[in-house]
Structure formats: C-alpha cells, structure tokens
Amino acid sequence: MLFDPRPKKRREELFDRNKEIGQLINTKEPLTLLLGIRRVGKSSLLRVTLNEIENGFYIDARKMYFDSGGWITSESLIREFESALNSLRGSVRGKVLEALRHVKGVSLSGVRVELSRDVRLSDVLEALNEVGAVIGIDEAQYLRFYGARGGKEFLALLAYSYDNLDNLRFILSGSEVGLLHDFLGINDYGSPLYGRSHGEVVLKPFSRELSIEFLRRGFSEIEMEVPHEVIEGAVNFLDGVPGWLVEFGRKYAEIRNLKGSLEYVFRQAKGFLNGELKELERRSPRYVLILEAIAMGRNRWELIRDYLASKGQNVPKSRLAELIKNLEKMSWIEADFGSGRKRYRIIDPVIERVLMER
Ligand code: ADP
Ligand code: MG
C-alpha cells in the first residue's frame with residue numbers, strides 16, 4: 001500500500017524508482033552513496049534494493065546513535081550486524097552460517113547467530129566475502145559517532161573491505177549529504193578512504209506529474225475516488241516529497257477534506273521537524289535562527305546576520321559562514337546564485353512553511 005507510513009520493503013510496494021533500483025543493483029562499485037533530502041524515500045529504496053539482492057544487509061546508523069544515547073559503541077555495531085545476519089532467509093542463510101562457522105567469537109545456537117563482544121568485524125566481513133554480500137548502511141553519516149576518533153576505525157574497516165574483499169559491496173545512504181562526504185573523506189588525504197572511487201545515486205522528489213500519479217494510485221488502492229482539484233491542490237502545497245504525500249493520502253482518506261488534511265500534514269511535519277531542530281539546537285541555537293531567517297525570505301548573507309543580531313546574537317563573520325556551510329552540508333538549505341547574488345533557500349517547501357510559522 002502506497003499510503004503505508006513505514007519505509008517500504010518490497011518492490012511492489014514502491015512507486016517508481018525502478019531506474020534507481022537498477023543502478024543500485026547493477027553497479028560494480030565497491031562503494032555507492034545513496035543521497036537525498038529527508039523523507040524522499042532513501043530508506044525505502046535501500047530496503048527494497050537489499051531485499052531484491054539475495055544477500056543484502058540493512059544497518060541503521062541513526063538508530064544505533066539514538067539507542068546508545070548519542071554515540072555508537074562497538075557493542076551496538078556488533079548487535080546490528082548480528083540482527084542483520086539473523087534476518088537472512090532462504091538458501092543464502094545456510095551458506096552464510098556455514099561461512100561464519102569458524103569465525104572466532106561467532107556462535108551458532110540452534111537457528112540463531114550470536115556474536116560475542118570481542119568478535120572482530122573484519123573476520124565477519126571476510127567470512128561474508130566468501131558468499132558475497134551487499135551491506136547497506138542507512139544515515140551512515142552518524143557513524144562519525146563511532147569510537148573515539150570520529151568514526152576512523154569504521155572507515156578503516158571499510159577501506160580494508162574495499163581493497164581486499166572483492167565480493168562485498170557497500171551502499172551508504174544519508175540525508176546529510178555534505179556530512180556524509182566529510183565523514184568518508186574521499187578527497188581528504190588523511191582519510192582511510194582517500195582516493196577511492198565510488199558510485200552515487202541521488203534520489204529526487206517526484207516531478208509534478210509523478211506526484212499526481214502517486215496520489216491517484218494511492219487512492220485507487222484504497223478504492224477512493226478523489227476529485228482532481230484535491231490532488232492538484234495537495235501537490236501544489238506539498239511538492240514531490242513522498243513522505244508528505246503519504247501523510248496527506250492517509251489523512252484525506254479519513255476526513256475527506258483538502259484543507260484539513262494539508263493542515264494535518266503540516267502538523268506532522270512540524271512534529272517531525274521539532275525533533276530534528278532540537279538536535280540542531282543542541283549543536284548550536286543559531287542554526288535554528290538562520291533557518292528561520294531564510295524561511296522568512298531574509299535569504300542573503302547580510303540579512304541573515306541582521307536577523308541574528310535582532311535576536312541578540314552577534315555572530316562573527318567567519319562563524320556565521322561556518323554555520324551556513326554546515327546547514328548546506330546537512331541538506332537543510334542550498335545556495336542559489338540567480339540574478340548574480342548569492343541567496344539561500346530551504347530545500348523542502350514543506351519544511352520552509354513549518355519554519356515560517358514558528
Ligand atoms: P527517507 O529515508 O528518505 O527519509 P523513507 O524511505 O522513510 O524516506 O520514506 C518516507 C515515507 O515515504 C515513508 O512513508 C515511505 O513509505 C514513503 N515513500 C518513500 N518513497 C516511496 C515510494 N517510492 N513509493 C511509496 N512510498 C514511498
Ligand atoms: Mg530514512
């Protein structure tokens with residue numbers, strides 16, 4: 001069902017995206033990045049792709065980060081691997097278990113795989129390499145919170161696999177595109193991954209036509225006839241981010257009222273956003289002020305600076321530049337050079353509206 005709010009897991013549940021699935025399945029690159037803004041469908045695409053591959057592992061870095069209270073411990077990484085191994089089904093499961101049988105720290109109790117605390121993940125990867133596997137890591141930029149060195153140990157593991165384990169492929173997904181690039185440091189001489197080539201799949205919001213088609217199909221699945229004006233009205237407001245379209249479809253099915261449903265999506269978006277903003281605020285309260293300024297159309301450098309000053313925040317030039325750069329890296333905003341002047345805009349129009357009303 002298209003209007004199911006959870007990330008999709010099977011191909012038949014996913015709307016469009018066949019091209020992207022094909023790219024992710026067919027690439028020969030040892031490392032592929034799957035990028036795109038929040039709610040655009042990365043987790044869904046990653047899960048569906050891994051499901052289409054016989055030996056695909058799904059690991060959620062953001063979940064590990066929150067589960068262990070703002071850090072990723074090696075214990076939590078081991079548990080994620082363990083649960084990914086245990087979620088394997090079918091004939092490939094037997095093959096993987098066989099390959100793991102002799103790895104130190106791995107025990108097979110009945111039908112379950114158990115990894116002890118001192119298992120070496122490089123040993124596990126070597127065993128997986130015997131059968132071949134694709135390992136997908138969602139919101140992988142959170143791995144910078146792994147270990148004490150900004151995730152370097154994990155990158156070293158990735159680099160080791162990249163160089164030596166020909167039958168393993170990694171797909172790293174992230175909404176904080178710039179942060180993911182920074183973390184991997186492919187262009188950074190000091191990074192273990194320096195100089196490695198990689199593939200990239202960038203997931204975009206649906207076009208207007210596809211967004212309309214998405215809602216049509218969603219409503220037809222639940223056998224609802226919905227006037228064209230309603231669908232157009234929703235797409236005008238929500239644009240092509242599937243996460244918002246799903247929320248809209250669910251609500252409209254319930255209350256059959258365009259305005260009320262849009263308001264509802266808006267409140268949902270607000271709730272979702274408040275969580276994200278709180279996290280930003282913890283890093284610096286100024287981030288949120290900058291976002292507010294841009295949402296209100298104070299979208300040039302000097303205007304942002306003045307807005308912050310009006311809120312009692314006099315921020316040195318270099319610091320403001322850094323904060324703005326970070327917001328770009330986190331895929332909240334993008335710079336636009338139209339009419340010769342640099343302006344910033346909030347990438348997702350729904351998020352922009354939410355910010356305007358704060
Ligand atoms: P992201 O990981 O980019 O934040 P998700 O995969 O969690 O996005 O998707 C957000 C919401 O949109 C979920 O409800 C998901 O089911 C839905 N969704 C995303 N892409 C699609 C798609 N191609 N077809 C159907 N539903 C989708
Ligand atoms: Mg996701």
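Conventions we followed
Position numbers for residues start from 1 in each chain and track the written sequence from start to end. Chains carry letters from A onward and ligands carry numbers from 1 onward, assigned in written order. Two thresholds apply to this predicted model, a pLDDT of at least 70 for residue-level local features and 80 or more for giving and counting side-chain atom pairs, whereas whole-chain, interface and lining totals are computed over all residues. The basis for every side-chain value is the complete set of heavy atoms in the structure, and neither hydrogens nor water enter the calculation. Secondary structure is summarised from DSSP: a helix means a run of H or I of at least four residues, a strand means a run of E of at least two, and numbering begins at the N terminus for each. Only protein chains enter the accessibility calculation, which uses a 1.4 Å probe. A residue is then buried if its area is under 20% of the maximum for its type, exposed if over 50%, and partly exposed in between. Throughout, a residue-residue contact means that at least one pair of heavy atoms, one from each residue, lies within 4.5 Å. What makes a residue near a molecule or strand is one non-hydrogen atom of that residue sitting within 4 Å of it. For the purposes of these results, a polar contact is taken to be a pair of N or O atoms within 3.5 Å, where, inside protein, one atom must be able to donate a hydrogen and its partner to accept one; residues adjacent in sequence count only when each atom of the pair is a side-chain atom. For the area figures, the Shrake-Rupley method with a 1.4 Å probe applies, and any residue is considered shielded solely by the protein chains shown. Throughout this entry, Asp, Glu, Lys and Arg are counted as charged residues, while Ala, Val, Leu, Ile, Met, Phe, Trp, Tyr, Cys and Pro are counted as nonpolar. The remaining residues, Gly among them, count as polar. Boundary definitions for the domains trace back to an automatic or database domain assignment. The way it works is a 1 Å grid over only the protein atoms, where trapped points that fit a 1.4 Å probe form a cavity and open points with protein on both sides within 12 Å along at least five of seven lines form a pocket, and then any residue with an atom within 4 Å of a point lines it. Grid points are joined across faces, edges and corners, and a volume is the space filled by probe spheres set on the points.

Asks: Any chance you could break down the environment of I255 for me, citing the residues and the numbers?
Replies: Looking at where I255 falls in the secondary structure, it is placed in helix α11 (residues 242–255). Here I255 falls in the partly exposed class, since its relative accessible area comes to 35%. I255 sits 198 residues away from F57 along the chain, and the two C-alpha atoms are 39 Å apart. Residues contacting I255, with those up to four places away along its chain left out, are G260 and S261.

Asks: An account of the site of ligand 1 is needed here, citing residue identities and associated values.
Replies: The local shell around ligand 1 holds 23 residues, among which P5, R6, K8, K42 and S44 are the closest. A distance of 2.7 Å separates an oxygen atom of ligand 1 from a polar atom in the backbone of P5. The fraction of the free accessible surface of ligand 1 (550 Å²) that becomes covered by protein chains is 95%. Going through the elements one at a time, α2 (42–52) and α11 are the ones with two or more residues in the shell around ligand 1. Taken together, the residues that form the shell around ligand 1 break down as 11 nonpolar, four polar and eight charged. When residues of the shell around ligand 1 are assigned to domains, at least three map to each of domain 1 (11–202) and domain 2 (208–282).

Asks: How would you summarise empty space enclosed by the protein if you had to cite specific residues and measurements?
Replies: Counted by the stated rule, this structure contains two cavities of 30 Å³ or more. What the largest cavity holds in volume is close to 60 Å³. Considering the residues around the largest cavity, the lining is formed by P30, L31, L158, S161, Y162, L165, L168, F170 and L193. For the lining of the largest cavity, the secondary-structure elements that each account for two or more residues are α7 (152–164) and β6 (168–174). Ranked by residue count, the leading element in the lining of the largest cavity is α7, at three residues. Across the lining of the largest cavity, the residue classes tally to eight nonpolar, one polar and no charged. Taken as a whole, the second largest cavity holds about 40 Å³ of empty space. Looking at the second largest cavity, the residues that line it are I37, R38, S331, W332, I346, I347, D348 and I351. Considering only residue class, the lining of the second largest cavity consists of five nonpolar, one polar and two charged.

That is the geometry; function is a separate question.
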